[in-house]
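The lines below spell out each chain.
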Protein chains: 2
Amino acid sequence: MINHFCKHPLWEVSGQLAAVAGGARPADLVITHANLVNVCTKEILADISVAISAGRIALVGDASHCIGEGTQVVDAEGRYLAPGFLDGHIHVESSMMSAGEYARAVIPHGTTGIYMDPHEICNVLGLPGVQCMLDDAARTPLKAMMTTPSCVPAVPGFEDTGSHIGPEDVAETMEWDTCVGLGEMMNFPGILSSSEETHAITGNTLKAGKIVTGHYSLPENGRGLNAYIASGVRCCHESTRAEDALAKMRLGMYAMFREGSAWHDLKVVAKSITEQPVDTRFAVLISDDTHPHTLSSQGHLDHIVRRAVAEGIDVLTAIQMVTINCAQCFQMDHDLGSVAPGKCADLVLLDNLADLNITKVWIDGDLVAENGSLVGEFAPYTYPEWATRSIHIRDTITPETFRIPAKPEHIAADGTVTVRAIEVIPARVGDYERHVALTVQDGLLESDVKQDVLKTAVFERHHNTGKKGFGFVKGFGIRCGAMASTVAHDAHNLLVIGTNDEDMALAANTLIECGGGMCAVQNGKVLGLVALPIAGLMSDKPMQEMADIVAGLEEAWKEIGCSMPSPFMTMALIPLACLPELRLTDRGLVDCNRFCFVDIEV
Amino acid sequence: MINHFCKHPLWEVSGQLAAVAGGARPADLVITHANLVNVCTKEILADISVAISAGRIALVGDASHCIGEGTQVVDAEGRYLAPGFLDGHIHVESSMMSAGEYARAVIPHGTTGIYMDPHEICNVLGLPGVQCMLDDAARTPLKAMMTTPSCVPAVPGFEDTGSHIGPEDVAETMEWDTCVGLGEMMNFPGILSSSEETHAITGNTLKAGKIVTGHYSLPENGRGLNAYIASGVRCCHESTRAEDALAKMRLGMYAMFREGSAWHDLKVVAKSITEQPVDTRFAVLISDDTHPHTLSSQGHLDHIVRRAVAEGIDVLTAIQMVTINCAQCFQMDHDLGSVAPGKCADLVLLDNLADLNITKVWIDGDLVAENGSLVGEFAPYTYPEWATRSIHIRDTITPETFRIPAKPEHIAADGTVTVRAIEVIPARVGDYERHVALTVQDGLLESDVKQDVLKTAVFERHHNTGKKGFGFVKGFGIRCGAMASTVAHDAHNLLVIGTNDEDMALAANTLIECGGGMCAVQNGKVLGLVALPIAGLMSDKPMQEMADIVAGLEEAWKEIGCSMPSPFMTMALIPLACLPELRLTDRGLVDCNRFCFVDIEV
């Protein structure tokens, strides 16, 4: 695949590079005395110099003849020089940061390229929103390579999204220079059932010579996994057992070992390569979803490489897993993923291979980070108003909006009605359908704090349709107050949960006013607010500020009674109808085992 | 890169493959009870079945549910199932067989795909000739993937070829479905000196997203090799020392270890991976040039894999070197090089991993060879008349044609003239310039058998220009007779060597009459003749017949006094002006160190 993420395509500057390598023309930059992390041969080579010109590597070895007038020389003093790290699968939106701020956050950790699947913003704003994120990223040095969201909406017919992506949209984006493939094909049922539309989506990607990335989360490695891979899906980051990752690699699929903020698969999945002596070229490390707190306190791929080493993966193998293996997965290894002549000069300098502390980062031969901080600034980017005013709810929300009348014919002799409640499970993506008896008050169904059952609503927020769905959730432990979020997968409608209608209305209106985000309120007071005005998903504030603001929200959640870790993440999955068992969308309660709507009242 | 060598592109049949893998539709073929040579993870997996549909692999594992009415079942009975072998660099013309006959010869040896560089026919007939070879190959199951000849002519300005390939021609061929890249860029001086034309040739390949293959034969792994690789050359088969191959792999270049009929590099080059524990993903095994005798008596890539194992390379690594590593070099690993779902069903069944005896070969799911023989027949192909009548020599050749008058002013007192003679070296590509005193006879320079100095002529044979060059060679040991050849690299003009003018004329006219080839004559009698009417380079006779005919020619050479091994090969290099030291082309003697014409007489 042609790589468009470089200062100059190789064919424009190959003559210049040859001249530099030969000594006929001075290099722009020479890095001397490095211990080279050679990911091609999996070796450390001592006392290596690298000459760079036009953003590309001209020579690796003895570069003394490449130094001339105007050549900048950086003495690595025996530090370790490795290729820039590549994240093979990442949703930038999960960081809650704009693409630009995300770049600022991860580059100092050695990340020089990401394969991003912007399916959250695409659900809200469609391809124009995706284009905004790409524009935002393009002003930064980070190589933000886009895979087109493949499953928008995630579950057609059960929710209202801001957008829809069909095979023609996929074909259109394949023409974009920024597009390197298809985002995670979560619709494995569509693939397995030979759905024409689903195969047209993957097919239009293959036809363009680009990469189909995957999402196969079944613990089944026989006919289903084979059918999925046979359809042209090249990689998958959903292995949660070592045997799943091993099965994928054996079937020629790139197994992306995930170590995100919320999902820590690496501990188990690493065993697929540490417990048997297999060729590891199909193994890749990725983050999938990373929160600002993780980025600020632990790092990005540097942290994940450290984690891999802690799980027994040899450090050179682990570095291959974020460099050459990833580049080969995307068939971009001719330009990315190794420190070799002709490649883009995307480089990281590490103090040592024990703590993997990143000292310097170069992208296309420019120093972009040093000792943990970005070097230089990039142009500002302002998202257009349609992107930052993405809350379009038809009706004014008041406490009355949240009233749920009980159906008189369902009221039992003891004055209760049995309702379906979604019981969430801390730090797990699944939920349970529970049946709970609620005492009817003034003909209405209300939250019951004693039973830990809270009223929940989802408001369609993309097209002023006025659609709204109601239900109950269980398991958050809130005693008084309400929470709201416009991060509510995958449609990202406005989700509100609370113990009382007044706080629920306040929470909802707080977010409507600030353009979306997440908040927790109690007794008419906003205790915590993460404003995410970009599509209701992201902020343009920098990482540390975001980490602090999110920490403030977590505090607020505790204050109103929830002790769950990162409860806003668990909350955000309540509308995701592709997960079992019971979910609430703007169209109502969905039985996600049978895929049909069900009533609140049993 | 889009692969056009398959029954159906994946996007057309992915739904069908998913249905087969899932059991909803029966497979065309299921191979059961195989020991799978898994080149992805470098393991042998026992008792594996493979289901095939539409020429592609639908499932690897337990395929019992894929067997239905009409499914052919082949019990592998514990034999070893590996991906079809790929030859990453081969000149079919060297086999002296047409592409069709070459395919017939190599498929039973497990070869399912070749990356062919048809630069011999291109020198004679240009791209139309290349197209003929592709048409010839296309009727066979062999995947004959073309790399566009990059250096036609090899040494511009010093010889007359039938054709010329410039950057625009390269760009044009990049549009061909059969083209996967650029053939060996032998003009490394052009690359190293940043020649615009040379970089346009490689650049037009890179611009098309295709692969530039290399030829870097200098024993220099510093600035020159770096300049060459930095220019986008992805592989090279010219390493003759282990350190050269290792240097290339360390610089991210695919090192193709050559084991051809004439050049046996493997013994030495194998040490690059056997003597240090490096990642071997950049190591590939290739043949470059193979003669019919080698193919018939030893095999093709099966033989080379056996040779690799004999040199201490682990057998699984060796098989990776002719499968997945080669496919990754050409960025075609999404379709070729492994036994995995979605891939083309190009498979070989091996009795065992000790002698690597090939029992069956499938291409695109069709059984194409069994127990050493091709299964089925393919359509006939007739090369057009312009391709089989490629000898266009303006003047009738008679004994008088070969008269070389001595310049009176150069005749020494003893009646001799000192001439330059090309001294060939058995089984080596280089030669020496020798100065020899010849006694002038009747004012003419004649062969001197006592000194082993033979008169030599090269006739332009492409465009009736009447150009001819004369010189002397030394080292063949011929006592009486003459030899002629239209295989005379790279321009493939008519080359004649002999002890007397009558035999020289007979040799020349014998070839002119049969459309080209190689012959040896003595005293007015043709002792050996290999007719190669296709471009004067190839025959449409089958392998065994060709092996016998060539053996007959070798016998004839012996009869006239030459005991050199394969002397016709050494002879064929006499006009190749890109090799040192002294060469003879149709334009005259070339000093190949200084790149200028020189006189016969010193």
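All of the points below concern the structure found in this document.

Turning next to the packing of helix α6 (residues 196-207) of chain A against helix α1 (residues 10-22) of chain B. The contact between α6 of chain A and α1 of chain B brings their axes to 9 Å, and the two run at 145°. Where α6 of chain A crosses over α1 of chain B, the handedness of that crossing is right-handed. Residue-level inspection shows H199, G203, L206 and K207 of chain A of α6 of chain A in contact with α1 of chain B, the latter providing L10, W11, S14, G15 and A18 of chain B. For the contact of α6 of chain A with α1 of chain B, the residue count by class is 4 nonpolar, 4 polar and 1 charged.

The partner chain B presents 60 residues to the 60 residues of chain A that form the contact. Put simply, D333 of chain B and R234 of chain A hold a salt bridge, and the shortest N to O gap is 2.7 Å. Summed over the shared surface of chain A and chain B, the number is 29 residue pairs in polar contact (both at pLDDT 80 or more). When residues of the side of chain A that touches chain B are traced back to their parent elements, those giving at least two are α1 (10-22), β2 (43-53), β3 (56-61), α5 (188-192), α6, α7 (223-230), α8 (242-250) and α14 (324-329) of chain A. The element that contributes the greatest number of residues to the side of chain A that touches chain B is α1 of chain A, accounting for 9 residues. Partitioned by chemical class, the residues of the side of chain A that touches chain B number 30 nonpolar, 20 polar and 10 charged.

On to the environment of N35 of chain A, then. Residue and element names in this part refer to chain A. Note that N35 resides in strand β1 (residues 29-38). Residue classification places N35 among the buried residues on the basis of a relative accessible area of 17%. For the pair formed by N35 and L349, sequence separation is 314 residues and the distance between their alpha carbons is 9.4 Å. Residues within four places of N35 in sequence aside, it is in contact with I44, L45, A46, D47, G78, R79, Y80 and L81. For N35, the side chain forms a polar contact with the main-chain oxygen of G78, separated by 2.9 Å.

Here we take up the sheet that holds strand β30 (residues 596-598) of chain A. Residue and element names in this part refer to chain A. With respect to topology, 3 strands assemble into an open sheet ordered β28-β29-β30, the strand pairing being antiparallel. Looking at which strands have only one partner, the edges of the open sheet turn out to be β28 (582-585) and β30. Across the sheet, the mean angle from the axis of one strand to that of its neighbour is 45°, orientation sign disregarded. When strand β29 (residues 588-591) meets β30, the two strands line up antiparallel, connected through 3 bridges.

Moving on, we get to the sheet that holds strand β24 (residues 482-485) of chain A. All names here are of chain A. Sheet architecture is open: 8 strands sit in the order β20-β19-β23-β22-β25-β24-β26-β27, paired in mixed fashion. Only two strands of the sheet have a single neighbouring strand rather than two, namely β20 (431-439) and β27 (525-531). Direction aside, the axes of adjacent strands within the sheet are offset by 25° on average. In terms of strand pairing, β24 meets strand β25 (residues 494-498) through 4 bridges, oriented antiparallel. By the bridge assignment for β25, M483 is matched with I497. In the packing of helix α17 (residues 543-559) onto the sheet, the strands contacted are β24, β26 (517-522) and β27, and the crossing angle to β27 comes to about 145°.

Time to look at the relation of the copies chain A and chain B. Once turned by 180° and shifted 0.0 Å along the axis, chain A lies on chain B with an RMSD of 0.1 Å. The two molecules are tied by a two-fold rotation axis, judged by turn and shift. A share of 100% of interface residues in chain A that are also interface residues in chain B marks the association as one of identical surfaces.

Residue and element names in this part refer to chain A. Within strand β12 (residues 254-258), 5 of the 5 residues are buried, which leaves the element mostly enclosed by the surrounding structure. Pairing geometry for strand β11 (residues 233-236) and β12, over 2 bridges, is parallel. Residue pairing across strands places C235 opposite Y254, the latter belonging to β12. Taking the sense of rotation as the criterion, the β-α-β connection linking β11, α8 and β12 turns out right-handed.

What follows concerns α1 of chain B. Taking 1.5 Å of rise per residue, the 13 residues of α1 of chain B would be expected to cover 18 Å, and the 17 Å separating its terminal C-alpha atoms lies within 8% of that figure. Taking the largest bend as the criterion, α1 of chain B deviates by roughly 30°, centred on Q16 of chain B. Residues of α1 of chain B that are buried include every one of L10, V13, S14, G15, L17, A18, A19, V20 and A21 of chain B, and no others. Lining the buried residues of α1 of chain B we find α5, α6 and α7 of chain A together with β2 (43-53) and β3 (56-61) of chain B. Backbone geometry just after α1 of chain B places G23 of chain B at a positive phi near 95°.

Turning to the packing of aromatic side chains, a few remarks are in order. Tallied over the full model, the rule gives 18 aromatic pairs over all chains. Members of the aromatic cluster, each reached through a chain of ring pairs, are F158, F595 and F597 of chain A.

Conventions adopted
Residues numbered from 1 in each chain as written. Chains lettered and ligands numbered in written order. Predicted model: local features only at pLDDT ≥ 70, side-chain atom pairs only at ≥ 80, totals over all residues. Heavy atoms only, no water. Axes fitted to C-alpha atoms, helices over the stretch in contact; angles between N-to-C directions. Helix = DSSP H or I, 4+ residues; strand = E, 2+ residues; numbered from the N terminus. Left-handed = near helix turned anticlockwise from the far one by under 90°. Contact = heavy atoms within 4.5 Å. Nonpolar A, V, L, I, M, F, W, Y, C, P; charged D, E, K, R; others polar. Salt bridge = Lys/Arg side-chain N within 4 Å of Asp/Glu carboxyl O. Polar contact = N/O pair within 3.5 Å; in protein donor to acceptor, adjacent residues only side chain to side chain. Buried < 20%, exposed > 50% of the residue type's maximum accessible area, 1.4 Å probe, protein only. Pairing = 2+ DSSP bridges. Least-squares fit on C-alpha atoms with pLDDT ≥ 70 in both. Right-handed = clockwise from strand over helix to strand, strands pointing away. Expected span 1.5 Å × (residues − 1). Bend = angle between axes of the 7 residues up to and from the residue. Phe/Tyr/Trp six-rings, centres within 6.5 Å; stacked < 30°, edge-to-face > 60°.

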